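# Architecture and fold: a report
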Amino acid sequence: MSFKVTPPPVPRLNRCELAVPGSSPKFFEKAAGGKADVVFLDLEDAVAVQDKEPARKNVIQALNDIDWQGKGKSVSVRINGLDTQFAYRDIVDVVEQAGHKLDMVMIPKVGTAADVYAVDMLLSQIELAKGIKKKIGIEVIIETALGMQNISEIAASSPRLESLHFGVADYAASTRARTVGIGGPNKLYGVLTDKDGDKARDFHWGDMWHYAISRIVVACRANGLRPIDGPFGDFSDTDGFRAHANRAAVLGCEGKWAIHPSQIDLANELFTPDVAEVAKARRILEAMKQAIAEGRGAVALEGKLIDYASIRQAEALVNQADRIAAKAAS
Ligand code: GLV
Ligand code: MG
């Protein structure tokens, strides 16, 4: 290990993060009573310009009136971009009037570490002024070329920072990727197998978002943050969501957004470690405990080599499974 110690992420379950437009208060109670680990009330892109102010009022009222945490939810508010005329009031009004009920603020389109610093400064002042004891966390969406370019500095920008999210739609717009869908593959992105005489060649679709997700995972894990995959727009395509979520989970993401209630159970399922996998991880820990007691650093288990690195892999899985079980039991 490096001499520099990376802290573990804030232990907050984040398998499913449900987006709810601040302009649709009729959905708030249902979202609070539903099964998402985190709900973010949106003041940004799901809210029309003329609804920005009423949406902000709705959100303040919902934070104060609904017992989100009592219902097992973490609750966040996505403010408008820092380049708009709305963002400062989103922060000041929401946090002054309901900051004691707020777990996190989500900042969209972050481009530099200074963007996070500015929000951190405002949050710190409002918390002091209003006597808000619990520090409000920050979630950041990486969804521009600038944000991706500066991701290392952004990931290290504030002790309030809890997670980086991949905003695939804005990222596509910013990088001018050839798609108008929200997430999912593009049939043009792939490779053709080599020529082999007259034999038919296969075209293998690739994941055009692989670099972005991997880069976010690395920045998060190097800084003690949770990597979270963003939206998948086609909510009628359950299999597409499954594939998209699975590949993010396999790379190390802890969760994914739901932009429709039909995606909540799926996200919870796909970001809950598989029972057989967890059982195997427990067997690895047991076998390594025994190996260490016998003075060995590596042993064979079920025909495969395991060593000290296997302990760290297994512990990550078991700890997450235990946290999920504890929530289910509470
Ligand atoms: C989310 O905000 C996205 O742009 O995908
Ligand atoms: Mg976006």
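The structure displayed is predicted, hence computed values, not measured ones.

What counts and what doesn't
- Residues numbered from 1 in each chain as written.
- Chains lettered and ligands numbered in written order.
- Predicted model: local features only at pLDDT ≥ 70, side-chain atom pairs only at ≥ 80, totals over all residues.
- Heavy atoms only, no water.
- Domains from an automatic or database assignment.
- 1 Å grid on protein atoms, 1.4 Å probe; cavity = no way out; pocket = protein on both sides within 12 Å on 5 of 7 lines; lining within 4 Å.
- Points joined across faces, edges and corners; volume = space filled by probe spheres on them.
- Helix = DSSP H or I, 4+ residues; strand = E, 2+ residues; numbered from the N terminus.
- Nonpolar A, V, L, I, M, F, W, Y, C, P; charged D, E, K, R; others polar.

### So, the domain arrangement of the protein
By domain assignment, the protein separates into domain 1 (16-272) and domain 2 (276-329). Computed from C-alpha coordinates alone, the two centres of domain 1 and domain 2 are separated by 31 Å.

### Description of the layout of surface pockets
Here the largest pocket is characterised by a volume of approximately 1100 Å³. Lining the largest pocket are 31 residues, with Arg221, Glu254, Ala316, Leu317 and Gln320 sitting closest to its centre. Within the residue set of the lining of the largest pocket, elements represented by two or more residues are α9 (238-251), α10 (264-270) and α12 (308-329). In terms of residue count, the dominant contributor to the lining of the largest pocket is α12 (nine residues). No fewer than three residues from each of domain 1 (16-272) and domain 2 (276-329) sit in the lining of the largest pocket. Put simply, the second largest pocket is a space of about 620 Å³. Contributing to the lining of the second largest pocket are 28 residues, with Ala19, Val20, Pro21, Ile259 and His260 lying nearest its centre. Elements with a contribution of two residues or more to the lining of the second largest pocket: β1 (16-21), α1 (28-33), β2 (38-42), α7 (168-175) and α10. Grouping the amino acids of the lining of the second largest pocket by side-chain chemistry returns 16 nonpolar, four polar and eight charged.

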